[in-house]
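Close look at the chain arrangement
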Amino acid sequence: MSNFSLRINYLLSYPRSGNTWLRYCIEHLTGKHTEGYNNTSHKFDMFGVFPENMPKISKTDNKGTFYRGAKIYLNEKDLPILIKRHETGEIRRNEKARVMLLIRDYRECIVSQTSQTAGLEPHIDNYMQLLQYYDSFSGKKIHIYYEDLITNIEAQIRVALHFLEEEVNEDAVCEFMDNIDYHHKSCMSLYGDSKSDGKSIRSHQKQLTHSEILHYKEYTVDRFPNIAKTYLSRYITEELNKDD
């Protein structure tokens, strides 16, 4: 597959990292839509924004691309404000990609995604490979922790909007914060795919035994020492403190 060049903001995360809530906040405060997977209500999901996802192109001109008689414009200003991805293939090929990485405690999102507590090592590898890619990414990037998005939401939303180069509407932010419970419920009614109502920091990891927690901590630190220290120290330190 060939490379392409479109200024796209990607929301990169391991599944169940809380991107539903982050996307809702951004959509509400900017009035612009984000893109996930299997969303047929937005025109970009018909073809994707990537060249190979537009087969049988009949002709092109300098004003747009024709697909089966319909002209499709790929102007950057018309692209979604944020595109959710759980893998890096498309991002690697986009020469103008920008990455917002959402990090959640690996114990939470992996147990939530897999519904299992044993044999999580391959899933930890997948989780850490996303962090490795982000660490090596040379373009514009930022990372946000899900836990901070829950405990200090206003500050994190401002960080996200600044990265997206969106002007902050102070009245909209005040309304949002004054009605935060309503917005949590609204988010769940719209998306409905959260297992913890978008409010819980620790829920799924309670299924792990103490020995399993220690094993996965040791596995993660031993196999990915630099990445674990750089991005997961808050979780590793927490586990070490519990051991004392």
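Residues numbered from 1 in each chain as written. Predicted model: local features only at pLDDT ≥ 70, side-chain atom pairs only at ≥ 80, totals over all residues. Heavy atoms only, no water.

**Considering the confidence of the model for the protein**
Regions with low pLDDT carry predicted coordinates that are not meant to be interpreted in detail. In the predicted model, the protein carries a mean pLDDT of 82, and the fraction of residues at 70 or more is 75%. Counting interchain partners and residues more than four positions distant, the pLDDT-below-50 stretch residues 39–73 has 56 contacts. (pLDDT = per-residue confidence, 0-100. Contact = heavy atoms within 4.5 Å.)

**What to know about the sheet that holds strand β6 (residues 82–85)**
Taken together, the five strands give an open sheet; going across it, the order is β2-β6-β1-β7-β8, and neighbouring strands pair in parallel fashion. Here the strands that pair on one side only, and so sit at the sheet edges, are β2 (34–35) and β8 (141–145). Pairing between β2 and β6: two bridges, direction parallel. Opposite T34, over in β6, you have L82 as the bridge partner. (Pairing = 2+ DSSP bridges. Helix = DSSP H or I, 4+ residues; strand = E, 2+ residues; numbered from the N terminus.)

**Points about the state of the cysteines**
Summed over the entire model, instances satisfying the criterion amount to zero disulfides. Residue C25 stays outside any disulfide, its sulfur separated by 7.1 Å from that of C187, the closest cysteine. (Disulfide = S-S within 2.5 Å.)

**Some thoughts on the packing of helix α1 (residues 19–30) against helix α8 (residues 170–178)**
Interhelical geometry of α1 versus α8 gives an angle of 135 degrees and a closest axis separation of 10 Å. Taken together, α1 and α8 sit at an angle that is classed as oblique. Seen along the crossing, α1 lies across α8 with a hand that is right-handed. For the pair α1 and α8, the contacting residues are W21, Y24, C25, H28 and L29 in the first and A172, V173, E175 and F176 in the second. (Axes fitted to C-alpha atoms, helices over the stretch in contact; angles between N-to-C directions. Parallel < 35°, antiparallel > 145°, perpendicular 65-115°, else oblique. Left-handed = near helix turned anticlockwise from the far one by under 90°.)

**A word on helix α4 (residues 106–114)**
Of all nine residues making up α4, eight are buried, and the element is well covered by its neighbours. Turning to α4, its buried residues number three or more, namely Y106, R107, E108, C109, I110, V111, S112 and T114. Following α4 by one or two positions, S115 adopts a phi angle in the positive range, close to 55 degrees. (Buried < 20%, exposed > 50% of the residue type's maximum accessible area, 1.4 Å probe, protein only.)

**As for the nonpolar core**
Residues Y127, M128 and L232 are the most contacted members of the largest nonpolar core, which totals 38 residues. Within the residue set of this core, elements represented by two or more residues are β1 (9–13), β7 (98–103), α4, α5 (121–136), α10 (210–223), α11 (225–231) and α12 (233–243). By residue number, the principal contributor to this core is α5, which donates seven residues. Once you skip the residues sitting within four places of it in the chain, Y127 turns out to touch Y14, I103, R104, D105, Y106, C109, I110 and L232. (Core = buried A, V, L, I, M, F, W, Y, C linked by side-chain atoms within 4.5 Å.)

**A few points about the packing of α5 against α10**
Geometry of a packed helix pair, given as the angle between the helix axes and the separation of the axes. Direction vectors running N to C along α5 and α10 enclose 45 degrees, while the axes themselves pass 11 Å from each other. Judged on the interaxial angle alone, α10 and α5 are oblique. Along this stretch, α5 crosses α10, giving a crossing that reads as right-handed. Where α5 abuts α10, its residues E121, I124, D125 and M128 lie against H215, Y216, Y219, T220 and R223.

**Observations concerning the pairing of β7**
Among the six residues in β7, six count as buried, and that is most of the element. Judged by which residues are buried, β7 turns out to be covered on both faces: R98, M100 and L102 on one side and V99, L101 and I103 on the other are all buried. Relative to β7, β1 runs parallel, the two sharing five bridges. Residue Y10 lies in a different strand from β7, and its bridge partner there is V99.

**So, the environment of A97**
Residue position: A97 is located in the loop between α3 (89–93) and β7. With 44 residues separating them in the primary sequence, A97 and K141 have C-alpha atoms 9.1 Å apart. Contacts of A97, omitting those with residues within four sequence positions, involve L6, I8, Y10, I91 and F137.

**Quick word on unusual backbone geometry**
Look at R16: it is not a glycine, yet its phi comes out positive at around 70 degrees. Following the sequence through the fold, R16 ends up in the loop between β1 and α1. Its identity as a non-glycine residue notwithstanding, S115 has a phi of 55 degrees, on the positive side. Relative accessible area serves as the criterion here: at 58%, S115 is assigned to the exposed category.

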